[in-house]
Amino acid sequence: MKILILAAGSGTRLGKQTEKLPKSLIKINKKTILERQLEIFKKSKIDDITIIAGPNKEKFLDFGLEIWDDTEYMKHEQLGSLISINKIFQDDVVVIFSDIIFDERIFQKIIQIQCDFGIALDKNWEEKYNGRTEHPISQADLVEVQNGKIKKIKKNLLVDNAFEFIGIMKFSSFGWRVLIELCKKLKESHEGNFHSAKKFSDSYITDIIQELIELDYNVKPIFVNGNWLEIDTLQDVEIASKKLS
């Protein structure tokens, strides 16, 4: 299994903490977000890990991981960073946002699921926004599921029983190839809006997930039940510090 950690963002909402440091190397109670993720991977005996890095990439050197340098991180958004790697893998691929902390139970559920495309969803997501005034509920990536099938993913989704996408995806080798080939085609030929983005280069992971859904690929909902946190603001750091040892 291949792990890709998407870490090319600038993390500007964390202020001075990320001026010279990638967001994933912010410490929560003396342990970085990345170290917490690596502990989970180690428990699962997974060591094929690549960091997709942007600014301050040299800060990752001490971790002994493969580093993919997204040299054009200033020219595109989140999806552009992911597909910048432009490689085909023969194993399953798990893509993880660099700013989330999650427990082993969540990770085990994801890696055990068999699917070509899968995204991790939280059923009890609303409670995690209590006190998050700097990252309000309107910024949650919400997902509509009907009869076990994902219908839509976007912010401010006005449906009953929506779920939150927590920033972890799983692809089979076939699914990953479809993603890379589809994105290559879209990058070369797409014009105008791309789902929630004004243009393809501005698109996020959620935009390509919606594209896969509309192309009738089966994007499997992976319902997870466990502890996870997103570290996007200084307030999130404070909240996480109280919850984690």
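Position labels on residues start from 1 in each chain and follow its written sequence. The predicted nature of this model means local features are confined to residues of pLDDT at least 70 and side-chain atom pairs, given and counted, to a pLDDT of 80 or more, with totals for whole chains, interfaces and linings taken over all residues. Water and hydrogen atoms play no part in the side-chain values, which are based on all heavy atoms of the structure.

Visitor: If you had to explain empty space enclosed by the protein to someone new, which residues and values would you point to?
Guide: Within this scheme a cavity is a closed region of a 1 Å grid, computed over the protein atoms alone, that accommodates a 1.4 Å probe without allowing it to escape, whereas a pocket is open but has protein on both sides within 12 Å along at least five of seven lines; lining residues each have an atom within 4 Å of a point. Grid points are joined across faces, edges and corners, and a volume is the space filled by probe spheres set on the points. This model, assessed by the stated rule, comprises one cavity of 30 Å³ or more. A volume near 60 Å³ is recorded for the largest cavity. Lining the largest cavity are Leu-82, Phe-117, Gly-118, Ile-119, Met-169, Phe-171, Leu-179, Ile-205, Ile-208, Ile-209, Leu-212 and Val-219. Helix numbers and strand numbers start at the N terminus; a helix is a DSSP run of H or I with at least 4 residues, a strand a run of E with at least 2. Where the lining of the largest cavity is concerned, the elements lending two or more residues are β8 (117-122), β11 (163-171) and α5 (205-214). Ten residue types, Ala, Val, Leu, Ile, Met, Phe, Trp, Tyr, Cys and Pro, are classed as nonpolar, four, Asp, Glu, Lys and Arg, as charged, and the remainder, Gly among them, as polar. Among the residues forming the lining of the largest cavity, the class breakdown is 11 nonpolar, one polar and no charged.

Visitor: Mind laying out the packing of aromatic side chains, listing which residues take part and the relevant values?
Guide: Aromatic rings from Phe, Tyr and Trp, with only the six-membered ring used for Trp, were paired whenever their centres fell within 6.5 Å, and each pair was classed as stacked if the ring planes differed by under 30 degrees, edge-to-face if by over 60, and tilted otherwise. Scanning the model with the defined rule gives 11 aromatic pairs in all. Taking 6.2 Å as the distance between ring centres and 85° as the angle between the ring planes, the aromatic pair formed by Phe-117 and Phe-171 counts as edge-to-face. Here Phe-117 is found in strand β8, whereas its partner Phe-171 is found in strand β11, with 54 residues between them in sequence. Put simply, the rings of Phe-89, Phe-117, Phe-171, Trp-176 and Tyr-217 pair up and form one aromatic cluster. In this arrangement the basic side chain of Arg-132 is found over the ring face of Tyr-129, its NZ or CZ atom lying 4.9 Å from the centre. Criterion for a charge above a ring: Arg CZ or Lys NZ at most 6 Å from the ring centre, at most 35 degrees from the ring normal.

Visitor: Explain the side chain of Arg-132 residue by residue, including any values.
Guide: Of note, Arg-132 is situated in the loop between β8 and β9 (141-146). Side-chain polar atoms of Arg-132 contact the side chain of Glu-230, separated by 3.4 Å. Should any heavy atoms of two residues lie within 4.5 Å, those residues are counted as being in contact. Apart from residues lying up to four places away in sequence, Arg-132 is in contact with Glu-230, Asp-232, Gln-235, Asp-236 and Ile-239. Pairs of N or O atoms within 3.5 Å make up the polar contacts considered here, provided that, within protein, one atom can donate a hydrogen while the other can accept it, and that residues adjacent in sequence are counted only when both atoms are side-chain atoms.

Visitor: Outline unusual backbone geometry, supporting the account with residue identities and numerical values.
Guide: For Lys-30, which is not a glycine, the phi torsion comes out positive at approximately 70°. Within the fold, Lys-30 resides in the loop between β2 (27-28) and β3 (31-32). If you check the backbone angles, Asn-56 has positive phi at about 60° while not being a glycine. The residue Asn-56 is located in the loop between β4 (49-53) and β5 (66-69) in this model.

Visitor: Any details on the packing of helix α4 (residues 173-189) against α5? Residues and values, ideally.
Guide: Fitting a line to C-alpha atoms yields each axis, with helices limited to the stretch in contact; the angle taken between N-to-C directions then spans 0 to 180 degrees. Look at α4 against α5: their axes get within 12 Å of each other, and the N-to-C directions meet at 100°. Judged on the interaxial angle alone, α5 and α4 are roughly perpendicular. Facing Val-178, Leu-179, Leu-182, Cys-183 and Leu-186 of α4, the residues of α5 in contact are Ile-208, Glu-211 and Leu-212. In terms of residue class, the contact of α4 with α5 is made up of seven nonpolar, no polar and one charged. Put simply, angles under 35 degrees are roughly parallel, angles over 145 are roughly antiparallel, angles from 65 to 115 are roughly perpendicular, and the rest are oblique.

Visitor: Talk me through the pattern of salt bridges; I want residue IDs and the actual numbers.
Guide: Here the idea is simple: oppositely charged side chains can pair when their charged atoms come close. In the sections that follow, a salt bridge refers to a side-chain nitrogen of Lys or Arg positioned within 4 Å of a carboxyl oxygen of Asp or Glu. Following the criterion strictly, the structure yields 16 salt bridges and no others. When the shortest N-O distance is used, the salt bridge between Lys-57 and Asp-69 registers 3.7 Å. Taken together, the residues Lys-57 in the loop between β4 and β5 and Asp-69 in strand β5 connect sequence positions 12 residues apart. The closest approach of N and O atoms between Lys-128 and Asp-122, which form a salt bridge, is 3.0 Å. The same class applies to Lys-128 and to Asp-122, which are both buried. Partly exposed residues are those whose accessible area sits between 20% and 50% of the maximum for their type, while under 20% is buried and over 50% is exposed, using a 1.4 Å probe and protein chains only.

Visitor: How would you sum up the side chain of Glu-211? Please name residues and give values.
Guide: Position of Glu-211 among the secondary structure elements: in helix α5. Of the side chains with opposite charge, Lys-185 comes closest to the buried, unpaired Glu-211, at an N-O distance of 8.3 Å. In this structure Glu-211 touches Leu-182, Leu-186, Phe-194 and His-195, once residues within four positions along its chain are discounted. For this count, His and the chain ends are skipped, Lys and Arg are scored as positive, and Asp and Glu as negative.

Visitor: Give a description of the layout of surface pockets that names residues and reports values.
Guide: If you add up the space inside the largest pocket, you get close to 1200 Å³. Lining the largest pocket are 43 residues, and of these Glu-77, Gln-78, Phe-97, Tyr-204 and Asp-232 sit closest to its centre. Secondary-structure elements contributing two or more residues to the lining of the largest pocket are β1 (2-7), α2 (78-83), β10 (149-155), β11, α5 and β13 (228-230). In the lining of the largest pocket, the residues fall into 14 nonpolar, 16 polar and 13 charged. Approximately 430 Å³ is the volume found for the second largest pocket. Lining the second largest pocket we find 21 residues, and of these Ile-101, Phe-102, Asp-103, Asn-227 and Leu-244 sit closest to its centre.

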